[in-house]
Every structure is written in structure tokens, then in C-alpha cells.
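Observations on chain architecture
As a plain string of letters, each chain reads:
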Amino acid sequence: MSAPEIRSLVVPPELAGTRLDVALVRLAPELTRSRVQRLVQGGHVRLAGRPAKAALRLRGGEPIELELAPEAPTDVVAQDLPLAVVYEDRDLVVLDKAAGMVVHPARGSPHSTVLNALMHRLGAESLPRLGLVHRLDKDTSGCLVVARTDPALHSLQAQWKGRTVEKIYLALCHGALAETGRLDTPYGRHPRDRTRFTGRLRSASRRALTEWRVRERFGDAATLAEVTLHTGRTHQIRVHLAEAGHPLLGDAVYGGTRREARTPEGRAARAAAAIGRQALHAARLAFDHPRTGKRLAFEAPLPADLARGLAILRGE
């Protein structure tokens, strides 16, 4: 199993009086409450250098050290599933992930995931060494890298943390998006809906930085944008564009489908129906090879469903 990530946090003043487990969900919004509680119970959360209890009330200003060991998948079976392999060597695998495919087994999706497919391709003995450096949402297609060794995982994690990785997406959104833009916001779980995220928090331990430039316009109906992620928060592009007034076509969580329902005969609604999912594609990924240091760049071609949607918007 890959070595754990050690994360250092400081309790902000506004969380004074909050339980430790509740505060950790706020400080690390990608972690669920149940996982935080497992980490605390396992002694993987230290407050001022000592293991702490979940119910401990915080004062503010305390240093927290969080040991994030990758959770070992259970009952993962090898499955012969189609995988579009862009690049492969003894250190890593780069995939063009298909839309609709979950990256990692979970309670609701124990099978038919990228990990199941990689186990079949690489052999079950590879499972303890496979390291998921980043993830893509189930309905997001495109470039995904998976480490095959601990050194590769540690190198890639450091590059993600140091923001030296180039991550470029194609996003098809509603309305006439500004020619260029940059959003730098606090980021975390939505205070009323824990399944969603938001950049409209007054303060947060994490920030999200997104930049875009327009690639193609379709009047006031829709815009195809090239989006650069400088951070990699969950749902980041979907949230930032939606909260800027331009939800992705087909995005049922952040307002895209509601907008389409208002004008079901419009070009954007017809394009969204042809795509059948949120219109987001991880088009380019570039990083330094973890062993040789050579800069590698990979591109995933535009998938057929997005091409169909664009054809409708172009009137073809």
C-alpha cells in the first residue's frame, strides 16, 4: 500500500468551540465525516503532536497533523473492461477515461471502475502499488494518470501539491462567457447540502483557482471554454462556472439541466441532450516523469458525445 500523505493544518479562529471531527470536515472538505472519524479512531489525527478524540472541542490556533493513508479497497475484482491507454511504463499509466466510468470502487459503485480494469490489465498483484494521484468525476472524460510504484506516487503527489502540473479542460457551458476570466475563491462543502461544493464561503482553509479563455462561441446559447485548473478541488470547474452564471451543459447538480428545462427546444438544450452528461473533458495533462524528470504531455481527443453536441450548436 502506498505511503500515507501527511497534512499539516492550523485551526482557524472561527472554528473555536467546534468538535475536532466537525472541524476536520470543514478543513478538509474532500473527506467524509465517517472517514474523519475512522482516522481519529485509528490514531491518525494528532493535535499538538498527540492523538486526539473526535469530540474534543477546539480553542483555535492548534496545529493538527493528519495522516492520510490511502484506504485499501476491499473485495476489488479484476474485470476485463475497455481502457483507452494513452501511455504506459513501469512507473505510471495515463488513461483517456471514458465518461460514465467511476475511478475507484466505492459503496455505491463497487465494480466496473478504472481500478477494476487496471487490475485485469496489470495483474491483481499490482493492486497494493497502484496509486490514484487525482480523480475525475464519473461523468467527466479525459486524461487520468495512475502511479504504479510508491516513488512514482510520491513524486506525482508532490507535483500536484506544488502546482507544477498542467491541467487543461474543455468545458461547454451555458450563455456567453467572458472572453477570459479568473476565479480565486475560498472553497469547501456547501453549508446546507453536503453533496455539493461552493466557492461562496466567507472563509475556508482551502482556495480554488480557475482560469479560462473562450475557444468558440455559439451566440448567447453556449460557450466552449479552455479551462486551466491551478488547484484541483472536487467539482471545481463545475462550481466556479455555475456560480459565475454559466453552468455546464447537462450538469444536474449545479444548475445546467434546470436551465435546459426552461428552453427545451433551444440549441443548448438539444446539444445537452445529445451529450447526455455534464459537458466537461480533461483534454491535456502535463507533468515531470517521476523517475527521469522529463516533461511529459498528454492529450485526450474530443469524445464523440461532445462532438455531437458541438455539431448541434454549430448548426451542422
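These notes cover the structure that comes with them. Position labels on residues start from 1 in each chain and follow its written sequence. Reporting in this predicted model follows two pLDDT cut-offs: at least 70 for local features of residues, and 80 or more for side-chain atom pairs to be given and counted; totals over whole chains, interfaces and linings ignore these cut-offs and use all residues. Only hydrogens and water are set aside; all other atoms, that is, all heavy atoms of the structure, feed into the side-chain values.

1. Quick look at the layout of surface pockets
Only protein atoms enter the 1 Å grid used here, on which a cavity is any set of points holding a 1.4 Å probe that cannot leave and a pocket is any open set flanked by protein within 12 Å on both sides along at least five of seven lines; residues with an atom within 4 Å of a point are listed as lining. Grid points are joined across faces, edges and corners, and a volume is the space filled by probe spheres set on the points. Its volume calculated, the second largest pocket comes out at about 320 Å³. Considering the residues around the second largest pocket, the lining is formed by 17 residues, among which Arg196, Arg200, Ala242, Tyr254 and Arg258 are closest to the centre. Numbering of helices and strands runs from the N terminus, with a helix taken as a DSSP run of H or I at least four residues long and a strand as a DSSP run of E at least two residues long. Looking at the lining of the second largest pocket, the elements that each hand over two or more residues are helix H5 (236-243) and helix H6 (256-262). In terms of residue class, the lining of the second largest pocket is made up of six nonpolar, four polar and seven charged. We call Asp, Glu, Lys and Arg charged. Ala, Val, Leu, Ile, Met, Phe, Trp, Tyr, Cys and Pro are nonpolar, and the rest, Gly among them, are polar.

2. Notes on the pattern of salt bridges
Once their charged atoms are close, side chains differing in charge can pair, the charge on each being opposite to the other. In what follows, salt bridge is the name for a side-chain nitrogen of Lys or Arg lying within 4 Å of a carboxyl oxygen of Asp or Glu. Here the structure, examined in full by the defined rule, presents 18 salt bridges. Between Asp137 and Arg238 there is a salt bridge whose closest N-O contact spans 3.0 Å. One end of the pair, Asp137, is in the loop between strand E7 (131-132) and strand E8 (141-147); the other, Arg238, is in helix H5, with 101 residues separating them in the sequence. A relative accessible area of 21% places Asp137 in the partly exposed class. Residues joined by salt bridges that share partners form a network here, namely Arg46, Glu65 and Glu67. Note on exposure labels: buried denotes an accessible area under 20% of the residue type's maximum, exposed denotes more than 50%, and partly exposed covers the range between, all computed with a 1.4 Å probe on protein chains only.

3. Section: the pairing of strand E6 (residues 92-97)
With six of six residues buried, E6 lies mostly within the body of the structure. In E6, alternate side chains face the same way, and those of Leu92, Val94 and Asp96 on one face and Val93, Leu95 and Lys97 on the other are all buried. Across three bridges, strand E5 (residues 85-88) lies against E6 in antiparallel orientation. If you follow Val85 over to E6, its bridge partner there is Leu95. The hairpin turn running from E5 into E6, its antiparallel successor, is three residues long. Whether two strands pair comes down to DSSP finding at least two bridges between them.

4. Focus: the sheet that holds strand E4 (residues 63-68)
Pairing in this open sheet of four strands is antiparallel, and the strands run E1-E4-E2-E3 from one edge to the other. Each edge of the sheet is formed by a strand with only one pairing partner; in this case those strands are strand E1 (5-10) and strand E3 (50-51). Note that E1 and E4 share six bridges and pair antiparallel. Among the inter-strand pairings, Arg7 is bridged to a residue of E4, identified as Leu66. Packed on one face of the sheet, helix H2 (residues 33-41) meets strand E2 (45-47) and E4 and runs near 100 degrees to E4. By definition in these notes, contact holds between two residues if any of their heavy atoms fall within 4.5 Å. To obtain an axis, a line is fitted to C-alpha atoms, over the contacting stretch when the element is a helix, and the angle between two such axes runs from 0 to 180 degrees between their N-to-C directions.

5. Brief notes about the nonpolar core
Of all hydrophobic cores here, the largest spans 26 residues; its most connected members are Leu118, Leu144, Tyr169, Ala171, Val227, Ile237 and Leu241. Among the elements of the structure, E6, helix H3 (114-122), E8, strand E9 (166-174), strand E13 (222-229), H5 and strand E14 (280-288) are those that each provide at least two residues to this core. When residues in this core are grouped by element, the largest group, five residues, is from H3. Those residues in contact with Tyr169 that lie beyond four places of it in its chain are Leu136, Thr140, Ala225, Glu226, Val227, Leu229, Ile237, Leu280, His281, Ala282 and Ala283. To qualify as a nonpolar core, a set must consist of buried Ala, Val, Leu, Ile, Met, Phe, Trp, Tyr and Cys residues joined through side-chain atoms within 4.5 Å. Membership of the second largest hydrophobic core comes to 21 residues, among which are Val40, Leu47, Ala54 and Leu68.

6. Considering H2
Of the residues making up H2, those classed as buried are Arg35, Val36, Leu39 and Val40. The buried residues of H2 all sit within an arc of 140 degrees when viewed along its axis, so they share a single face. Looking at the buried residues of H2, the elements they touch are helix H1 (20-27), E2 and E4. In the stretch just after H2, Gly43 is the one whose phi turns positive, near 80 degrees. For this quantity, the arc is that covered by the directions from the helix axis to the C-beta atoms.

7. What to know about the packing of aromatic side chains
Put simply, two rings from Phe, Tyr or Trp (the six-membered ring, in Trp's case) pair if the centres are within 6.5 Å, and we call them stacked under 30 degrees between planes, edge-to-face over 60, tilted for the rest. For the structure on display, the rule yields three aromatic pairs. Look at Phe287 and Phe298: their rings are 5.9 Å apart centre to centre, the planes differ by 40 degrees, and that puts the pair in the tilted class. Of the two residues, Phe287 is situated in strand E14 and Phe298 in strand E15 (residues 295-299); the sequence distance between them amounts to eleven residues. Counting every residue linked through ring pairs, the aromatic cluster contains Tyr87, Phe287 and Phe298.

8. Observations concerning unusual backbone geometry
Phi is positive for Ser112, which is not a glycine, with a value near 60 degrees. For Ser112, the location among the structural elements is in the loop between E6 and H3. Classification of Ser112 as partly exposed rests on a relative accessible area of 39%. The phi dihedral of Arg163 falls on the positive side, at around 60 degrees, and the residue is not glycine. With respect to the helices and strands, Arg163 occurs in the loop between helix H4 (150-161) and E9.

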